[in-house]
Structure formats: C-alpha cells, structure tokens
Amino acid sequence: MSINCGIVGLPNVGKSTIFSAITAAKAEAANYPFCTIDPNVGVVTVADKRLDKISELVKPQKTLPTVVEFVDIAGLVAGASKGEGLGNQFLGHIRSVNAIVHVVRCFEDPNITHVSGRIDPLDDIGIINMELALADLEVVEKRLNSMGKQLKSQDKAIATKARIQVPILEKLKVELAEGNLAKNCDLDDEEVEAIEDLNLITLKKVLYACNIDEDSITEENEHVKVVRELAAGEGNGVITICGKLESEISALESKEEKEEFMEAAGIEESGLDQLTHAAYKLLGLRTYFTAGEKEVRAWTFKAGSKAPQAAGVIHSDFERGFIRAEVFNCKDLFELGSEARVKEAGKLRVEGKEYVVQDGDIMHFRFNV
Ligand SMILES: Nc1nc2c(ncn2[C@@H]2O[C@H](COP(=O)(O)OP(=O)(O)OP(=O)(O)O)[C@@H](O)[C@H]2O)c(=O)[nH]1
Ligand SMILES: [Mg+2]
C-alpha cells in the first residue's frame, strides 16, 4: 500500500512551487494562473530515522523506505465545475487519491497575483469546496441517471446494490447542490461503504497546507490561525510551509547545506517531512519493517490492522496463506543491538492471525499458498 495525495487550491497560490520543492520534479511554476495544464505526479520517500538505524545494525544490501505519491493539478476557480478555467478537467486525476492537500495562500506579496485580488483564506477555501462539491454532484447525478436500468436488472446483486445506493445518492444530491461536502452529510459507515466506488472527493480527509512568507515561520500569522480554527472544527490537519524557501532549499545540493539553510531560516522540519508525517497522522497510518541481509524495508499499514492484513501490504499471497508472524519491536533491536540478542532475551514473539501489528514492529511472515 503506497498512499497518494492530490493537491488542490486556487490558481497561483503556490501548488506547483510546493510540489516541485517536495518532489524535486520539474513541475512548471510561474507567476501565471493556469500554468499547470498536465497533471504532475511525483513520488517521494518517507523519512524515518528508525529505518536508517535498523539498516546500520542489520547492514543489508539495500534499504527501501516507503513512499507517498503527490499529484499536482491546475488551480480551480469559481465556476470551474461549469467549465471555467482548466482545473475541473483534472479533478478526475485526483478522484482515487487517499487524501487531499489543499494549498491555501497565507502569504502577502503584491507581486504575485491573487485571483480575487485579496488574501482571504476562508473565502478561498469556500470557493474550492464549492467547486469540489459541484464536481461531486456531477458524479452523483450521473450515477443516479443510470440507476433506472440497474434497479430493473435481472442480476440480483446489481439490483440490490442499486436499491441500497439510490436513497444515499438522493440525499447527497440535495446536500452537494447546496455546496455541502459529502463528509458533512451524516452518512454512517455502511452508507459510506455503499458509495465507495464513486470516489467522491469531498468525502476525503483534507490537509491544509498554508503557504506562508518567511516572516511567518517563527511567528504564526493571522491567516494561518484562521485556517487552524477551521481545520480543528472539521477534524482535518494543517501544516505551514514556505513555498518560496522550500524551492530554494530543494535547489541546494548536499544534506548539510540544506540543514544549515533550514536552521538559519528557523524551519524545524522540511515541507516534505511535514506533509508526509501529517498525512500519516490524518489517515491513521503506521509503519512496520522487514529486516534481512538482502533488504531492510519500511511498509505502510492502517493502524489497528491484524497481522494477515498487514502482511497483505507486501503481497496478497502473504495475507491469503498467512500462517504466523515472528515479531519484535525495533526498540528492542536498538536496545539489544542484534536480532540474535533480541532472541536470547526472549523478546522475539510468535504471533497468530489475531495479532494487532504495532508501529515500529519488525515482522517476519510465515505463509503457505
Ligand atoms: N512570495 C511568495 N511567492 C510564492 C510562494 N509560493 C509560490 N510563489 C509564487 O507564486 C507564483 C505562482 O506559483 P505556482 O506554484 O505556479 O502556483 P500554482 O498554485 O501551481 O498555480 P496554478 O498551477 O496556475 O494553479 C509563482 O510566481 C511563485 O514563485 C511563497 O511562498 N511566497
Ligand atoms: Mg500549478
């Protein structure tokens, strides 16, 4: 399971600047609304000090971190859902992502055009949410229109599914048309599952990335405070990132230079690390490791997963043919220094199908298919 995030926001708020900085891919960035006309996809690795430490101890041939994929699309404007601007054409590219990164302009700079001519994060977020809701409305209406046939289908499974979906879709249609987000429509878990295949964007969790100026790094500005309040009420996440500095940092060659630059600017965690860590937190994701002479590797799984499901992240065969897992936590490895000593100390456990995998576990799966 690798996770992916879709980046949305108004034009010219710094989406591509942040995207390029974090992926060091060459997404176009220019002071020109709508310069992103192709979806840009970038894959980044998730920094994890524990992985480095395990590698130091195990000395494998290779070390593989987990990754997060980011998709950069063109800015959305009011009316995008009715064909204004270019953004809504690209919403299709982010329908299947796990989370939305919503870039909000929280920096003042008279040289950089704002589409509404003033900096107002709540207003900006409102415009984007309205467009996302209307884009989802289109999907819901399309599905509703095709329901007549399905309700009459000879295939019982299709007819039953349609009967379950119709009332949920009707409810969503009314709410989305008013600009309400699908996740605020009081759907219970079963209802959400029943319409999962629609991939509604406004059902996804959001991470607000406030693009701030240099002065606001050490002292939070008023725009960011407003976004924080909003996000807290929604159960969404917030990070602050200075697009301008991040792009300067990404241009530096060595790790030392980057660290020096960040320290001088007062940046504690790079934009990329902030983004990936916040996304993990927002989505309830955890990391386990596999460690052998050939390869030490980090894997992403959902908190609360039992051993077979966690094994399925590596390969579906591991889940299907799961027999047992040999487990110890990386903390034990760090304390004792080697797997042999972990074993001697009786810290290596054999766990079965009901074991709930913990963050930082080092897993060895036994399976048979
Ligand atoms: N002052 C300042 N300028 C920034 C910052 N981030 C981005 N910019 C500038 O804002 C302009 C637009 O940035 P982009 O990254 O292309 O914006 P975008 O959101 O991708 O825009 P579209 O793709 O057109 O929707 C560029 O001239 C950037 O240099 C920032 O943190 N501070
Ligand atoms: Mg762009």
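Residues numbered from 1 in each chain as written. Chains lettered and ligands numbered in written order. Predicted model: local features only at pLDDT ≥ 70, side-chain atom pairs only at ≥ 80, totals over all residues. Heavy atoms only, no water.

As a further point, take the sheet that holds strand β5 (residues 99-105). Strands sit in the order β2-β4-β1-β5-β6-β7 across an open sheet of 6 strands; the sheet is mixed. Each edge of the open sheet carries a strand with a single partner, namely β2 (40-45) and β7 (237-241). Across the sheet, the mean angle from the axis of one strand to that of its neighbour is 25°, orientation sign disregarded. Across 5 bridges, the pairing between strand β6 (residues 205-211) and β7 is parallel. Each residue of the ladder has a partner; that of Cys-210, found in β7, is Thr-240. Taken strand by strand, helix α3 (residues 121-145) contacts β1 (3-8), β5 and β6, and its axis lies near 140° from that of β5. (Pairing = 2+ DSSP bridges. Helix = DSSP H or I, 4+ residues; strand = E, 2+ residues; numbered from the N terminus. Axes fitted to C-alpha atoms, helices over the stretch in contact; angles between N-to-C directions. Contact = heavy atoms within 4.5 Å.)

Remark: helix α8 (residues 243-250) packs on helix α9 (residues 255-265), axes separated minimally by 9 Å, with the N-to-C direction vectors making an angle of 155°. With respect to α9, the axis of α8 lies roughly antiparallel. Like other packed secondary-structure pairs, α8 and α9 cross with a definite hand, here right-handed. Residues Leu-245, Glu-248, Ile-249 and Ser-250 of α8 form the contact with α9, whose participating residues are Lys-258, Phe-261, Met-262 and Ala-265. Here the residues of the contact of α8 with α9 sort into 5 nonpolar, 1 polar and 2 charged. (Parallel < 35°, antiparallel > 145°, perpendicular 65-115°, else oblique. Left-handed = near helix turned anticlockwise from the far one by under 90°. Nonpolar A, V, L, I, M, F, W, Y, C, P; charged D, E, K, R; others polar.)

Bringing the domain arrangement of the protein chain into the picture now. Assigned domains within the protein chain: domain 1 (3-282) and domain 2 (304-367). Taken together, the 4 residues of domain 1 in the interface contact 7 residues of domain 2. Where domain 1 abuts domain 2, roughly 520 Å² becomes buried across the two surfaces, and 75% of that area is made up of carbon and sulfur atoms. Inspection of the domain 1/domain 2 interface yields 1 salt bridge. Residue Arg-50 pairs with Asp-359 through a salt bridge whose shortest N-O separation is 3.1 Å. At the surface where domain 1 touches domain 2, the tally comes to 1 residue pair in polar contact (both at pLDDT 80 or more). Classifying every residue of the side of domain 1 that touches domain 2 gives 2 nonpolar, no polar and 2 charged. (Domains from an automatic or database assignment. Buried area = accessible area lost by both parts, 1.4 Å probe. Salt bridge = Lys/Arg side-chain N within 4 Å of Asp/Glu carboxyl O. Polar contact = N/O pair within 3.5 Å; in protein donor to acceptor, adjacent residues only side chain to side chain.)

Inspection of the entire model under this criterion finds 5 aromatic pairs. Their ring planes at 70° and their centres at 6.3 Å tell us that Phe-318 and Phe-365 sit as a pair that is edge-to-face. Linking Phe-318 in helix α12 (residues 316-320) with Phe-365 in strand β12 (residues 361-367), this pair joins segments that are 47 residues apart in sequence. Here the aromatic cluster, defined as three or more aromatic residues joined through ring pairs, consists of Tyr-288, Phe-301, Phe-318, Phe-322, Phe-365 and Phe-367. When the ring centre of Phe-334 is taken as reference, the NZ or CZ atom of Lys-53 above it lies at 4.5 Å. (Phe/Tyr/Trp six-rings, centres within 6.5 Å; stacked < 30°, edge-to-face > 60°. Lys NZ or Arg CZ within 6 Å of the ring centre and 35° of its normal.)

Taken together, the side chains of Glu-253, Glu-256, Glu-257, Glu-259, Glu-260 and Glu-263 make up a negatively charged region of the molecular surface. Along the chain, Glu-260 falls in helix α9. Of the residues examined, Glu-260 reaches a relative accessible area of 60% and is grouped as exposed. (Patch = residues over 30% accessible without salt bridge, like charges linked within 9 Å, V, L, I, M, F, W, Y side chains within 5 Å. Areas by Shrake-Rupley, 256 points an atom, 1.4 Å probe, with all protein chains shown as cover. Lys, Arg positive; Asp, Glu negative; His and termini not counted. Charge placed at Lys NZ, Arg CZ, Asp CG, Glu CD. Buried < 20%, exposed > 50% of the residue type's maximum accessible area, 1.4 Å probe, protein only.)

Locating Lys-281 in the fold gives a position in helix α10 (residues 271-283). Taking the relative accessible area as the measure of exposure, Lys-281 reaches 74% and is therefore exposed. Taking the C-alpha atoms as reference points, Lys-281 and Ala-303, separated by 22 residues in sequence, lie 10.0 Å from one another.

Axes are the key here: two packed helices are described by the angle between their axes and the distance separating the axes. Running from N to C, α3 and helix α7 (residues 222-234) point in directions that differ by 45°, and their axes come no closer than 9 Å. Taken as axis vectors, α3 and α7 run oblique relative to one another. Here Pro-121, Leu-122 and Ile-125 of α3 lie close against α7, whose contacting residues are His-223, Val-226, Val-227 and Leu-230. Of the residues contributing to the contact of α3 with α7, the split by class is 6 nonpolar, 1 polar and no charged.

This next bit is on the pattern of salt bridges. In total, this model carries 16 salt bridges according to the counting rule given. Notably, a salt bridge pairs Arg-95 with Asp-136, separated by 2.9 Å at the nearest N-O pair. Of this pair, Arg-95 sits in the loop between β4 (67-72) and β5 while Asp-136 sits in helix α3, placing them 41 residues apart in sequence. Note on accessibility: Arg-95 and Asp-136 belong to one class, buried. Close ionic contact of Glu-354 with Lys-306 constitutes a salt bridge, the shortest N to O distance being 2.6 Å. Here Glu-354, found in the loop between β11 (349-351) and β12, pairs with Lys-306, found in the loop between β9 (295-302) and α11 (307-312); they are 48 residues apart in sequence, far enough to count as distant.

Moving on, we get to the nonpolar core. In this structure, Val-68, Phe-70, Leu-91, Ile-94, Val-101, Tyr-208 and Val-227 are the most contacted members of the largest nonpolar core, which totals 59 residues. Each residue touching Val-101, except ones within four places of it in the same chain, is listed here: Cys-5, Gly-6, Ile-7, Val-8, Phe-70, Leu-207, Ala-209 and Leu-275. (Core = buried A, V, L, I, M, F, W, Y, C linked by side-chain atoms within 4.5 Å.)

Our next topic: the pairing of β9. As paired elements, strand β3 (residues 62-64) and β9 share 3 bridges and run parallel to each other. Looking at the pairing, Leu-64 lines up with Arg-297 of β9. Pairing geometry for strand β8 (residues 285-291) and β9, over 7 bridges, is antiparallel. When the sheet's bridge partners are listed, Arg-286 is paired in β9 with Phe-301.

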